[in-house]
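For reference, the chains in residue letters:
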Amino acid sequence: QFGDFANNAQVVIDQLIAAGEDRWGNQSRLVLLLPHGFEGQGPDHSSARLERFLSLLNDDPDSLPGNNPADRAEIRLIIEKLHEQSGPVTKEKFISFLKDTEVQSKSTSPKETADTLWGEMGLSDSEFLTPDDWEDLLTQYLRRHSEQRTNMFVINPTTPAQYFHALRRQINLPYPKPLVVMTPKQLLHHKHCASPLSHFTSGSFFTRVIQDGRPSDNMRMHLTDPKTGEPFLEPPEQIKRVIMCTGRIFYPLFERRKLAKARNVVLVRLEQIAPFPHDRIVKILEEYPNAEFIWCQEEPKNMGAWQYVRPRLELALAQRTEAPKRTKKLVSRRVQYVGRNASASTATASSQVHYKELQAILDAAITTL
């Protein structure tokens, strides 16, 4: 049920779910399905108290996984071993390398690990990697590997395939962790909330971040003119705004962007909120050097994911600008907030006020550019 109805279970959530492994050594694959979505149904039927679960995460907002001294030393060691092999390093060689090293010991099968990384990096199976690519891949791999240290997962899937793969991943993870799922009721019957069968079959997986036009994007067919084949979005260097969000707010944002013909606005869905997908966010930021970065949510400012994602987004921005090849323009960029004002109540009891607030959010996010 909604988070408001989970208040009486808060002691159990705090003591046995969020802290169960740390305090008692108890591992669990428990899944909490909590309806969450601001649909004009009032304060008792809108929020699963996402912010409460995020406040219980044990990850450090000031530390970027894969960048601490131990992880960097491991990356250097792996690269040195890879250089000992002759010829270009392909996906097959990477699978062979994982089989022969201890770094794979607590992860999934080497092939599934390689499939996931290749897919997230947008590489074809036949491509081989440059040294810079290898460093990025290994950093990403270690950040994915660091998820086994988290105390639980918090996700907000926006497609049927994502929900399917989240449950599949929950069963197959070699390290049991509780899973908290935000489940908007409106998406059960939303006309655009659908997935092609190919998103359920071999080679598909849970995608922590869905970016416009990528294979995991269930709306990418709407980003091309069916008559001319012309893409809706401008080239990456002409994108002026990147809007990151999570949950059902994506669909109103998508529709408003299309209505406003805002071709220089990109939408990015954070499907896994925690552990925070630093590696994917850093790469996305790099793709749009001339864009401002916005976090958009439907919850009040003191609720939802904003307080959790803000320091992590800013860390990703700052960390990426430290690399010598990055543009200095990124240094001055800040993450801006678009959403409801801070409130003591989760939502208004008036449906009219609710829709007026929603229109104000969409206007601020899309049409004020």
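Just so you know, these numbers come straight off a predicted model, no measurement behind them.

Cut-offs and rules
Residues numbered from 1 in each chain as written. Predicted model: local features only at pLDDT ≥ 70, side-chain atom pairs only at ≥ 80, totals over all residues. Heavy atoms only, no water. Helix = DSSP H or I, 4+ residues; strand = E, 2+ residues; numbered from the N terminus. Buried < 20%, exposed > 50% of the residue type's maximum accessible area, 1.4 Å probe, protein only. Contact = heavy atoms within 4.5 Å. Areas by Shrake-Rupley, 256 points an atom, 1.4 Å probe, with all protein chains shown as cover. Polar contact = N/O pair within 3.5 Å; in protein donor to acceptor, adjacent residues only side chain to side chain. Expected span 1.5 Å × (residues − 1). Pairing = 2+ DSSP bridges. Phe/Tyr/Trp six-rings, centres within 6.5 Å; stacked < 30°, edge-to-face > 60°. Core = buried A, V, L, I, M, F, W, Y, C linked by side-chain atoms within 4.5 Å. Axes fitted to C-alpha atoms, helices over the stretch in contact; angles between N-to-C directions. Parallel < 35°, antiparallel > 145°, perpendicular 65-115°, else oblique. Left-handed = near helix turned anticlockwise from the far one by under 90°. Nonpolar A, V, L, I, M, F, W, Y, C, P; charged D, E, K, R; others polar. Patch = residues over 30% accessible without salt bridge, like charges linked within 9 Å, V, L, I, M, F, W, Y side chains within 5 Å. Salt bridge = Lys/Arg side-chain N within 4 Å of Asp/Glu carboxyl O.

Draft legend 1. Local environment of the overall build of the chain. A count of helices and strands for the chain gives twelve helices and nine strands. Going through the 369 residues of the chain one by one, you find that 52% of them count as buried. Long-range pairs, those at least 24 residues apart, make up 78% of the contacts in the chain with a sequence separation of at least 6. Within the structure as shown, the chain displays about 17,200 Å² of accessible surface, and the carbon and sulfur contribution to it stands at 53%.

Draft legend 2. Region of interest: the side chain of H199. Residue placement: H199 occurs in the loop between β3 (179–182) and β4 (209–211). Among residues more than four places away in sequence, those in contact with H199 are A161, H165, S204, P215, S216, D217, N218 and R220.

Draft legend 3. Spatial organisation of the side chain of T246. On the secondary structure map, T246 appears in the loop between β5 (241–245) and α9 (250–260). A distance of 2.7 Å separates a polar side-chain atom of T246 from the backbone oxygen of L270. The residues touching T246, leaving out its near neighbours within four places in the chain, are N156, L270, I273, W295 and C296.

Draft legend 4. Main features of helix α8 (residues 160–172). For α8, spanning 13 residues, the distance from its first C-alpha to its last is 19 Å, which sits close to the expected 18 Å at 1.5 Å a residue. Buried within α8 we find A161, Q162, H165, A166, R169 and Q170. Summarising the contacts, the buried residues of α8 are in contact with β1 (31–34), β2 (153–155), β3, β4 and β7 (272–274).

Draft legend 5. A look at the pairing of strand β6 (residues 265–270). Counting buried residues along β6, six of its six residues qualify, which places the element largely inside the surrounding structure. Burial of β6 is two-sided: the residues V265, L267 and R269 facing one way and the residues V266, V268 and L270 facing the other way are all buried. Relative to β6, β4 runs antiparallel, the two sharing three bridges. Within β6, the position partnered with Q211 by the bridge is V268.

Draft legend 6. Main features of the packing of aromatic side chains. Under the defined criterion, the tally for this structure stands at four aromatic pairs. Measuring from ring centre to ring centre gives 5.2 Å for W306 and Y337, while their planes differ by 45 degrees; the resulting arrangement is tilted. Here W306, found in helix α11 (residues 306–321), pairs with Y337, found in strand β9 (residues 335–340); they are 31 residues apart in sequence, far enough to count as distant. Y337 matches W306 in its accessibility class, with the two residues each being buried. Three or more aromatic residues joined by ring pairs form one cluster here, namely F250, Y251 and F254.

Draft legend 7. Structural context of the nonpolar core. Within the largest apolar cluster, 65 residues are counted, with the highest numbers of intra-cluster contacts made by F53, L253, I281, W295, V309 and L313. For this core, the element with the most residues is α11, which contributes six residues. Setting aside residues no more than four positions away along its own chain, V309 makes contact with L270, I273, F276 and W295. In terms of nonpolar packing, the next biggest core, distinct from the first, is built from 15 residues, I75, I79, L98 and A114 among them.

Draft legend 8. Expanded view of unusual backbone geometry. Following A274, the chain continues into P275 via a peptide bond in cis, with omega recorded as -5 degrees. With respect to the helices, strands and loops of the structure, P275 is situated in the loop between β7 and α10 (278–287). The residue R49 is not glycine, and still its phi comes out positive at about 55 degrees. Look at R49 and you get buried, because its relative accessible area is 16%.

Draft legend 9. Representation of the packing of α9 against helix α12 (residues 351–367) within the structure. Where α9 meets α12, the axes come as close as 10 Å, and the angle between the chain directions of the two elements is 55 degrees. Looking at the two axes, α9 sits oblique to α12. Considering the relative orientation of α9 and α12, their crossing is right-handed. Contacts between α9 and α12 involve P252, L253, R256, R257 and A260 on the former and, on the latter, Q359, L362, D363, A365, I366 and T367. Here the residues of the contact of α9 with α12 sort into six nonpolar, two polar and three charged.

Draft legend 10. Quick look at α10. For α10, a buried count of eight out of ten residues is recorded, marking the element as mostly surrounded by other parts of the structure. H278, D279, R280, I281, V282, K283, I284 and L285 are the residues of α10 that are buried.

Draft legend 11. View of a nonpolar patch on the surface. Taken together, the side chains of V12, L16 and W24 define a hydrophobic patch exposed on the protein surface, amounting to about 300 Å² of accessible area. Note that W24 resides in helix α2 (residues 20–24).

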